[in-house]
Amino acid sequence: MRIVSSALFGIAALLSAGTAAYPQQQNLAAVDPPTADAPPSADAAPSPAASPVAAPPTPAPAATPPVPAPVAAKPAPAKPAQKSAALEPPKQKVYRPALIPDTPENGESDGIAATVNDISVSEFEVRQRMALFLATAGIQPTDEEKKRIRGQILEQLENEKLELQEAIKKHITVSPAEIDNQINRMIADNHLTMAQLSEVLNNAGSSLEALRTQLTAQIAWEKTVSAQYQDRINITPEDVDAELARYAEGADKPHYLVSEIFFPVDNPDKDAEAQKTARSVEEQLKSGGNFAQVARQFSQSPSAASGGDIGWVHEGQLATELNAALTKMTVNSVSPPIRSIGGYYILALRGRQEPLGTKIDTQAEPPVTADSTLPLSRLLLPLGSAPSKEVIESAMKIATNLRASYGGCEMLQKVQTQLSGSVYMNLGDMKVGDLSPDIQKALAATKSGEAAVPFLSDAGVELIGRCDKKIVVQTAYKMPTRQDVENQLFQQQISAMARRYMRDLRRGVEIEVR
């Protein structure tokens, strides 16, 4: 399950990437598919003949893998109970993960959700994208929030139809080989096979076919925007000089890699409502929500399109209230809602760099061995007797999301109050060699302040967290090169042109939402 669940985040990042064309993409012609003589990769996606912005081919059925477990498969009933570092939980406490149903009005309908220039967006497409988002975001939205998310997903699908129509009009083609390259990169990044990728998507309620359709639209749109605009972009040496001067002004200050979620307050009467929404989102983030995915659906800032990413900022660059909160945050932490200009902000600090020229004393972290003694805590999601595959998968996804946003043992203790039936235990200082082989193996891959990969045991789904303080590797700020700045300016301009292009397309078409 480690492979499967962690892959969801990699897939989410790829599927939610911006639609701007890359500056290095110069060849706008279709890439020819592999020849029949070329031996296919063992994990490669199928590569049928190319077609003009074609609907992707239907993949071969994926092999049915065993019930996923990140470190150890669920033991057979006859197997003796393994050595455990924690006490057996009370039998009456059984964790029941909340399964997110389809919205009642759309349920199992396979009708038409919208039409774009007489091209249909089906309820089935909306349902698959909704399922993929909910699985990768790691949140349990309210009914009202689900309606809003569904509206945004429907608009995204409408845009994809427009992108494909425009690409066909411009004679842009996307070959199956190009889609295969994207999928193969995803497989390599997440250490998957094709069968495992299919399992990830199927478990999320989506499919490989839906993924190929989305990648087709993204690649086609990148090519279309590049063909339309890249020759019109002119970045002068003076533009680069001005940007480098701006970077130099803050070079002697700490730099922060920041993401944001913004909740606007357009009317003073709406302040309390915006604050309540922000606090609700903060709680979901602290319970394992994926910040970038949540930002894309909830944030009302232009940065929402890139998962809330606002890049590197130096101390003093943001508003006073935001800067004050940022300087007190630790890397990989999330702030509470902050009232500032225009509304409430939730900040995520993803990295920090010391001022230019700072001498860094690198602190090597010792590896975890059987002789290591670590302060540990345990969060158990008991599954009861004979749990269904769906219950196991739901609990494992939540545990994996919690690991991805792990903020220390205090976080696990707080999560216990939010997940009914879950059990938290402070294990204290434990010698790694005294733990079960599965836990030893999981802890060996951790560093200070991290949680191990969740695993399935006789007791349920277990998440073991390290309570020691996370050692953050310090780095010093480095001035970007002229080429770095030129590439960044190119991306900014072509991204702005892509947004304007899409606004113009939507103004000139007939879109009917059913």
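Residues numbered from 1 in each chain as written. Predicted model: local features only at pLDDT ≥ 70, side-chain atom pairs only at ≥ 80, totals over all residues. Heavy atoms only, no water.

**Student:** Help me understand the overall build of the protein chain, please; the structure alone is not making it clear to me.
**Tutor:** Regarding its fold elements, the protein chain presents 14 helices and 12 strands. The burial tally for the protein chain puts 49% of its 514 residues in the buried class. For the protein chain, long-range pairs separated by at least 24 residues make up 80% of all intrachain contacts whose partners lie at least 6 apart in sequence. Here the protein chain displays about 25300 Å² of accessible surface, and carbon together with sulfur accounts for 52% of that area. (Helix = DSSP H or I, 4+ residues; strand = E, 2+ residues; numbered from the N terminus. Buried < 20%, exposed > 50% of the residue type's maximum accessible area, 1.4 Å probe, protein only. Contact = heavy atoms within 4.5 Å. Areas by Shrake-Rupley, 256 points an atom, 1.4 Å probe, with all protein chains shown as cover.)

**Student:** Explain the pattern of salt bridges to me, please; I cannot follow it from the model alone.
**Tutor:** Side-chain pairs of opposite charge can arise whenever the charged atoms involved come near each other. As enumerated under the stated definition, the model contains 20 salt bridges in all. With a shortest N-O distance of 2.8 Å, Asp-309 and Arg-350 are connected by a salt bridge. One end of the pair, Asp-309, is in strand S4 (residues 309–314); the other, Arg-350, is in strand S7 (residues 343–353), and 41 residues separate them in sequence. For Arg-350, a relative accessible area of 36% puts it in the partly exposed group. The partner of Glu-450 in a salt bridge is Lys-470, and the shortest N-O contact between them spans 3.4 Å. With Glu-450 in the loop between helix H13 (437–444) and strand S10 (455–456) and Lys-470 in the loop between strand S11 (460–466) and helix H14 (482–507), this pair connects stretches of sequence that are 20 residues apart. (Salt bridge = Lys/Arg side-chain N within 4 Å of Asp/Glu carboxyl O.)

**Student:** Help me understand the state of the cysteines in this model?
**Tutor:** Note: disulfide means a covalent bond formed between the sulfur atoms of two cysteine side chains. Enumeration over the complete set of coordinates arrives at 1 disulfide. Put simply, Cys-409 and Cys-467 are joined by a disulfide, and their sulfur atoms are 1.8 Å apart. Linking Cys-409 and Cys-467, the disulfide has an S-S dihedral of approximately -95° and is accordingly described as left-handed. Of this pair, Cys-409 sits in helix H12 (residues 409–418) while Cys-467 is found in the loop between S11 and H14, placing the two residues 58 residues apart along the sequence. (Disulfide = S-S within 2.5 Å.)

**Student:** Can you help me understand the sheet that holds S10 in this one?
**Tutor:** Pairing between the strands of a sheet is mediated by backbone hydrogen bonds and can be parallel or antiparallel. In spatial order, the strands read S9-S8-S11-S10; together these 4 strands make up an open sheet with antiparallel pairing. The open sheet has two edge strands, strand S9 (423–431) and S10, and neither has a second partner. (Pairing = 2+ DSSP bridges.)

Coordinates in, geometry out; function isn't part of it.
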